[in-house]
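# Summary of the model geometry
These are the residues of each chain, in order.
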Amino acid sequence: MVPLGWVGGVVGLIAATAISLYANVLIARLHEFGGKRHIRYRDLAAYVYGPKAYSLTWILQYVNLFMINVGYIMLAGQALKAIYIIFRDDGAMKLPYFIAISGFTCAIFAICIPHLSALRIWLGVSTILSIVYIVTAVVLSLRDGIQSPPRDYSKPGTHTSKIFTIIGASASLVFAFNTGMLPEIQATVRPPVVSNMIKALYFQFSVGVLPLYAVVFMGYWAYGNGASSYLLNNVHGPLWLKTFANISAFFQSVISLHIFASPLYEYLDTKYGIKGSALALRNFLFRIMVRGGYLSITTFVSAALPFLGDFMSLTGAISTFPLTFILANHMYLVAKENNLSCLQKSWHWLNVCFFAIMAVAAATAALRLIAVDSNTYHFFADM
């Protein structure tokens, strides 16, 4: 919202919601393509294009999921730092320290939760924690907005920088709505599979996005272009309530990270033949080394890159745009070519070309933002 303003931000969020829904529906319709279920996105790509597409799709997925995991660790670190500032704002503890604590916590959780199916009860906990954060952020922002003087909603920066930040923001918009792992998330949906997947998508992209809209719009309304990327840094209110909301954000990030890291865990477990009891010594040591090592790298990247938003824009450009929009439209075009009219084919080709251009433009803008911010911030900065 800050680089886009009210009109661009509102239109952009709604447009990103609509095109993300459309692209994911295309993927859902291919879930049973060829008479078999494709429970991994890369399996579907390989079936449509051939074996080489498997590796390419997996690389794009991994880049996307890795940046999601980096973002969750950074969010958890920001939540811990916010708690620290509430009770002891002396500057002794920096953001990288809290990110390190968050990464260690995520590693312990990953080692103790061996399979995605073991997350069932934790998903319920995660939902409750999300509601706590959302309600607190919205209510306190509303109170601040009512009591505050007029806010500045102008777009910061020079004319040139505004153009690049607007383009970069478009990549961040699509990154916020897409994971590139729809088949993996809905692999266990009950029959009729495709229709149930589409029902779930319609629900998620209608009712499910309302909490996101509430936090984004209320936060921007209350604080204008001074709104923080972590909204609880802006809000004022009872210390106990802010603390509780930050604790909720911290633990919710820990749980959510495990969901988006699970495809990598599953891939490595399968590759190295990890079977049987999760408490078996070999399996336990494998989780410590592999998951602990992966999260150590993820934590290091989170702490080292304080201007992560620029890298999120770059990730949206190089992986989310190709994976979710270009690949989905072209894959549907190839798979359903004999059943599509000339107009439908033209529509899908238009989408492929448009999003390819957007990906190049967004990547260029993100690289420029990274170069500019590299001169402003240093590695392991306290933000």
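Below: a short report on this structure. (Residues numbered from 1 in each chain as written. Predicted model: local features only at pLDDT ≥ 70, side-chain atom pairs only at ≥ 80, totals over all residues. Heavy atoms only, no water.)

### Some remarks on the side chain of Ser 102
- Examined against the element boundaries, Ser 102 turns out to sit in helix α4 (residues 95–112).
- Contact partners of Ser 102, with chain neighbours within four places excluded, come to Ile 73, Ala 76, Gly 77, Leu 80 and Phe 250. (Helix = DSSP H or I, 4+ residues; strand = E, 2+ residues; numbered from the N terminus. Contact = heavy atoms within 4.5 Å.)

### Quick notes on the packing of helix α2 (residues 41–49) against helix α3 (residues 51–87)
- The N-to-C vectors of α2 and α3 enclose an angle of 150 degrees; their axes lie 7 Å apart at closest approach. Of the possible angle classes, the one that applies to α2 and α3 is roughly antiparallel. Seen from above, α2 lies across α3 with right-handed handedness. Together, Tyr 41, Arg 42, Asp 43, Ala 45, Ala 46 and Tyr 49 of α2 and Pro 51, Ala 53, Tyr 54, Thr 57, Trp 58 and Gln 61 of α3 make up the contact between the two elements.
- For the contact of α2 with α3, the residue count by class is eight nonpolar, two polar and two charged. (Axes fitted to C-alpha atoms, helices over the stretch in contact; angles between N-to-C directions. Parallel < 35°, antiparallel > 145°, perpendicular 65-115°, else oblique. Left-handed = near helix turned anticlockwise from the far one by under 90°. Nonpolar A, V, L, I, M, F, W, Y, C, P; charged D, E, K, R; others polar.)

### Comments concerning the pattern of salt bridges
- Inspection of every chain in the model, using the stated rule, returns five salt bridges.
- With a closest N to O distance of 2.6 Å, Asp 90 and Arg 88 form a salt bridge.
- For Asp 90, a relative accessible area of 39% gives the class partly exposed.
- You can call Arg 88 exposed: its relative accessible area is 52%.
- What emerges from the salt-bridge pattern is a single network uniting Arg 40, Arg 42, Asp 43 and Glu 266. (Salt bridge = Lys/Arg side-chain N within 4 Å of Asp/Glu carboxyl O. Buried < 20%, exposed > 50% of the residue type's maximum accessible area, 1.4 Å probe, protein only.)

### Digging into the environment of Gly 9
- Relative to the helices and strands, Gly 9 resides in helix α1 (residues 5–29).
- Residue classification places Gly 9 among the buried residues on the basis of a relative accessible area of 1%.
- Gly 9 sits 207 residues away from Val 216 along the chain, and the two C-alpha atoms are 9.4 Å apart.
- With sequence-adjacent residues up to four places away left out, Gly 9 is seen in contact with Met 1 and Leu 4.

### What about a nonpolar patch on the surface?
- Together, Leu 281, Phe 284, Leu 285, Ile 288 and Met 289 make up an exposed nonpolar region whose accessible area comes to about 490 Å².
- By the secondary structure assignment, Phe 284 is in helix α11 (residues 281–304).
- For Phe 284, a relative accessible area of 34% translates into the label partly exposed. (Patch = residues over 30% accessible without salt bridge, like charges linked within 9 Å, V, L, I, M, F, W, Y side chains within 5 Å. Areas by Shrake-Rupley, 256 points an atom, 1.4 Å probe, with all protein chains shown as cover.)

### As for unusual backbone geometry
- In this structure, the amide linkage connecting Pro 191 to the following residue, Pro 192, adopts the cis form with an omega of -10 degrees.
- Position of Pro 192 relative to the elements: it lies in the loop between α7 (182–185) and α8 (193–204).

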